[in-house]
Amino acid sequence: VTLSDEEVAAAALARSRLYPDTPQERDRLTRSYSACRQMADDLWRESLGDTAPLLLPIDG
Amino acid sequence: MGDPTRRTLHDVLRLLDDGTLTSTQLVTESITRATELDRLGAFQVRFDEAALAVAAEIDARRAAGSDVGPLAGVPIGVKELLATDDGPTTGGSLVLDADWGSAGDGAAVARLRAAGAIVLGKTTTSELGMGSPDIGNPRFAQFPVPRNPWDESRWTGGSSAGTAAAIAAGIVTAGLGTDSGGSIRAPSAFCGVTGLKPTYGLVPKDGVVPMGWTTDHVGPMAVSAQDCALLLQTMAGHSPADPASARRGGIGYLEALCGSISGVRIGVDRMRRVGGAVEHADQPELFDAAVSMLAELGAEVIDVELPHYSQLVSAAIVTTLSEALAYHGDEMANRWEDFFPSTRGTIGLAAYFTGADYVQAQRLRRLVRREIAALFETIDIVAMPTASIVATPYERINRHFESGEFFAVYATYWNMLGNPALSVPIGFTSENLPVGMQLVGPRFGDAHALRVGDAYQRVTSWHLREPPLPRA
């Protein structure tokens, strides 16, 4: 099954319990899906090898 | 252009110290000025009576010869995202719990207050430090949208909007902002004031409404780098209430301001590869002139290119929005319409990122932090534009992303890395709008950035110019 970006976006919003209350706002948010994924995909452009995540420092 | 007549925090402290001015007079001046310029929307709420009472008390103690503290009697503005003892905190939002911040001052505000600073009021913020204002929407009418003192048809930039406006307008000489993606540095640049995002963890952020725990910072905004150094010296140091606060402090930031930058190696990145499409025509020349001035002062200027720039900006957005959704998700699910449209439309984008994206962003953060640490083996400071644009016209406030202007502010990169970044005014465009330069130091090298900014300001007067507002 191939889902459209709009369908994937709507499912992602619903999973986060976000329900835009007008069709215009829902359209605007779902239209942003591909730009957001492009941004996230940018993070995977190169291999980071064994680099571990640098998480928030706790207690300095 | 205005004359270079603006009073700095240090000027005001001298006047208080030598008896030329009392704190009561100074606070009265600030209240009068704030009332005259109420249309700028710099304050969410003011505490005039309480401020005058504290001023009178400080005057009495000073007259009695008591030790009154290094900031005694000076009114400041505190961003409405920080809790204070003075009253409730809204975060510029309808959704924050009414008792949020009921514990009162966080460490940063408490330390300023202990040093004698007087909280004149809470300054306006973009909602929760995130959203753009929603002009003309009656639902959010209680939250003023600040106008830029240099051109009232333009916005101040955000989110520490009110603090920047209040300083630029001469209502106060100093204040507090927060910065999760440029929220101190962008309004500082757009309003012609000086603002520092300190090293991550150096100033505790307990008492601050979180947006992105990884990228949130608290920092000073003022007229000069010297003023920022004094405020930082007062606020820096560990707080057990903020688990991310560093066990550093006790550094003499003021003592580091020696006036000389001879031999300092300054890596310059002009960022034209990023912001060229929307950059203001005057910005490159103003920035080049500022760099030339640093060279005239004896600095060694070296061209550099920041590694993984666009990827790390993407990582910052993934990180901050994901953390914001984690914090505000329940409220967004239940009170969607109570968030500003721009806030919900921005935080909501985090629904499109995955857990793996978030982790990958933190892996990239480690990689670039190593690369930047290596860069700082070869240079002492990075100099780069704070932004290649000027203050946004009021009517375009909500179109930052679409217009590309968001990406022409070069601040977010440093939120992911935690390095200290100071924005200083470096001149004015042909329309008399201020432009800023960022001076970035190695982590915990805040003193280096302040030293370079101060040396620059000793030989320039851009930071002392006053906007074209009527004087009483």
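As shown above, the structure is provided for reference.
Residues numbered from 1 in each chain as written. Chains lettered and ligands numbered in written order. Predicted model: local features only at pLDDT ≥ 70, side-chain atom pairs only at ≥ 80, totals over all residues. Heavy atoms only, no water.

### Points about the interface of chain A and chain B
Contact with chain A, which involves 37 residues of that partner, is made by 45 residues of chain B. For the pair chain A and chain B, the two sides together bury roughly 3,600 Å², of which 59% comes from carbon and sulfur. When the buried area of chain A at its contact with chain B is split by residue, Met39, Leu43 and Leu54 of chain A rank highest and sum to 20% of it. Linking chain A with chain B are three salt bridges, by the criterion used here. Put simply, chain A and chain B have 18 residue pairs in polar contact (both at pLDDT 80 or more) between them. Elements with a minimum of two residues in the side of chain A that touches chain B: helix 1 (5–15), helix 2 (23–31) and helix 3 (33–42) of chain A. No other element matches helix 3 of chain A, which puts six residues into the side of chain A that touches chain B. Class assignment for the residues of the side of chain A that touches chain B results in 21 nonpolar, six polar and 10 charged. (Contact = heavy atoms within 4.5 Å. Buried area = accessible area lost by both parts, 1.4 Å probe. Salt bridge = Lys/Arg side-chain N within 4 Å of Asp/Glu carboxyl O. Polar contact = N/O pair within 3.5 Å; in protein donor to acceptor, adjacent residues only side chain to side chain. Helix = DSSP H or I, 4+ residues; strand = E, 2+ residues; numbered from the N terminus. Nonpolar A, V, L, I, M, F, W, Y, C, P; charged D, E, K, R; others polar.)

### Topic: the packing of helix 10 (residues 309–334) of chain B against helix 12 (residues 355–378) of chain B
How two helices pack is summed up by the angle between their axes together with the distance between the axes. Residue and element names in this part refer to chain B. One can describe the packing of helix 10 onto helix 12 by two numbers: an axis separation of 9 Å at closest approach and a directional angle of 135°. Judged by the inter-axis angle, helix 10 sits oblique to helix 12. As for how helix 10 packs across helix 12, the hand of that crossing is left-handed. Along its contact with helix 10, which presents Gln311, Leu312, Ala315, Val318, Thr319, Ser322 and Glu323, the element helix 12 presents Asp357, Tyr358, Ala361, Gln362, Leu364, Arg365 and Val368. Taken together, the residues of the contact of helix 10 with helix 12 sort by class into seven nonpolar, four polar and three charged. (Axes fitted to C-alpha atoms, helices over the stretch in contact; angles between N-to-C directions. Parallel < 35°, antiparallel > 145°, perpendicular 65-115°, else oblique. Left-handed = near helix turned anticlockwise from the far one by under 90°.)

### So, the pattern of salt bridges
Residues and elements named next belong to chain B. Taken as a whole, this structure holds 25 salt bridges over all chains when the rule is applied. In this structure, Arg14 and Asp11 form a salt bridge, with 2.6 Å as the shortest nitrogen-oxygen distance. Of the two residues, Arg14 and Asp11 both sit in helix 1 (residues 9–17), three residues apart, roughly one turn of that helix. Put simply, Lys122 and Glu80 hold a salt bridge, and the shortest N to O gap is 2.9 Å.

### Things to note about the sheet that holds strand 2 (residues 75–79) of chain B
Residues and elements named next belong to chain B. A sheet is described by the order of its strands in space; here 11 strands give the open sequence 1-3-2-6-8-7-12-13-11-9-10, paired in mixed fashion. Looking at the sheet topology across the chains shown, the edges are occupied by strand 1 (43–46) and strand 10 (300–303). Here the average twist between neighbouring strands, direction ignored, is 25°. Pairing geometry for strand 11 (residues 381–385) and strand 13 (residues 434–440), over four bridges, is antiparallel. Among the inter-strand pairings, Val382 is bridged to a residue of strand 13, identified as Val440. In this fold helix 3 (residues 48–63) packs onto strand 1 and strand 3 (118–123), with an angle of close to 160° to the strand it touches most, strand 3. (Pairing = 2+ DSSP bridges.)

### Describing the pairing of strand 12 (residues 421–428) of chain B
Along a regular strand, successive side chains alternate from one face of the sheet to the other. Residues and elements named next belong to chain B. The buried fraction of strand 12 is high, at eight of eight residues. By the bridge criterion, three bridges tie strand 7 (residues 194–197) to strand 12 in an arrangement that is antiparallel. Residue pairing across strands places Leu196 opposite Leu422, the latter belonging to strand 12. In this sheet, strand 13 lies alongside strand 12 in antiparallel orientation, the contact comprising seven bridges. Among the inter-strand pairings, Leu422 is bridged to a residue of strand 13, identified as Leu439. Counted along the chain from strand 12 to the antiparallel partner strand 13, the turn is five residues long, and its residue Asn432 has a positive phi close to 65°. (Buried < 20%, exposed > 50% of the residue type's maximum accessible area, 1.4 Å probe, protein only.)

Structural measurements only, silent on function.
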